[in-house]
Amino acid sequence: MIETEGLTHINLVVSDLERSLRFYGSVFGMQEMFRDGPNMVFLRTPGSRDTITLDARPDRRESAGREGGVSHFGFRLTQDQSLDDALVEIAAAGGRVIERGERSPGVPFAYVNDPDGYVIEL
């Protein structure tokens, strides 16, 4: 068995780097760690070690938002964060709600799209 510290990052191909930076920054509070050239930005959620890489390289942009076998990724809300409030913030930042419900009584969930169409579960 290989010992790891868990999943390190997800690389998302995006069509508009600045739009995606605004979305993930305003909705999830993700902060820019560094850039790898003019078309790739690494973001991190404050207080965590998870990373999303936004990849807007011109030769990849047309695949932005396509599933490619990964159906979605998720963010766990803090106990203090209201799902209703989170969905309002997502819509204001250019995302949209796809589905919401309860996994079991008192365990709500929602699926949303980011501006490129990637599916995020809350």
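Rules and cut-offs
- Residues numbered from 1 in each chain as written.
- Predicted model: local features only at pLDDT ≥ 70, side-chain atom pairs only at ≥ 80, totals over all residues.
- Heavy atoms only, no water.
- Helix = DSSP H or I, 4+ residues; strand = E, 2+ residues; numbered from the N terminus.
- Buried < 20%, exposed > 50% of the residue type's maximum accessible area, 1.4 Å probe, protein only.
- Contact = heavy atoms within 4.5 Å.
- pLDDT = per-residue confidence, 0-100.
- Core = buried A, V, L, I, M, F, W, Y, C linked by side-chain atoms within 4.5 Å.
- Pairing = 2+ DSSP bridges.
- Axes fitted to C-alpha atoms, helices over the stretch in contact; angles between N-to-C directions.
- Salt bridge = Lys/Arg side-chain N within 4 Å of Asp/Glu carboxyl O.

A. Structural detail: the environment of valine 41. Here valine 41 shows up in strand β3 (residues 40-44). Classification of valine 41 as buried rests on a relative accessible area of 0%. Note: C-alpha distance between valine 41 and alanine 92 (51 residues apart in sequence) is 22 Å. Discounting chain neighbours no more than four positions away, the residues touching valine 41 are Leu17, Leu21, Glu32, Phe34, Arg35, Ile52, Thr53 and Leu54.

B. Layout of the confidence of the model for the chain. Chain-level pLDDT for the chain is 90 on average; 99% of the residues reach the 70-or-more range. Predicted confidence in the chain is weakest over strand β5 (residues 73-74), with a mean pLDDT of 90, and strongest over helix α1 (residues 17-28), with 96.

C. How the structure looks around the nonpolar core. Residues Tyr24, Phe28, Leu54, Ile120 and Leu122 are the most contacted members of the largest nonpolar core, which totals 27 residues. At the level of elements, β1 (9-13), α1, β3, β4 (51-55), α2 (83-92) and β7 (107-113) are the ones that each hand at least two residues to this core. If one sorts the elements of this core by residue count, α1 sits on top with six residues.

D. Spotlight on the sheet that holds β7. With mixed pairing, the four strands of this open sheet are ordered in space as β5-β8-β7-β6. Only two strands of the sheet have a single partner each, and these edge strands are β5 and β6 (96-104). Where α2 meets the sheet, its contacts fall on β6 and β7, and the angle it forms with β7 comes to roughly 5°.

E. View of the pattern of salt bridges. Applying the stated rule across the entire model yields seven salt bridges. Its salt-bridge partner being glutamate 18, residue arginine 35 comes within 3.8 Å of it at the nearest N-O pair. Of this pair, arginine 35 sits in strand β2 (residues 31-35) while glutamate 18 is found in helix α1, placing the two residues 17 residues apart along the sequence. Arginine 35 serves as the salt-bridge partner of glutamate 32, at 2.8 Å between the closest nitrogen and oxygen. A residue is classified by how much of its surface remains accessible, and arginine 35, at 38% relative accessible area, is partly exposed. Salt bridges here are not isolated pairs; linked through shared partners, they connect Glu18, Glu32 and Arg35.

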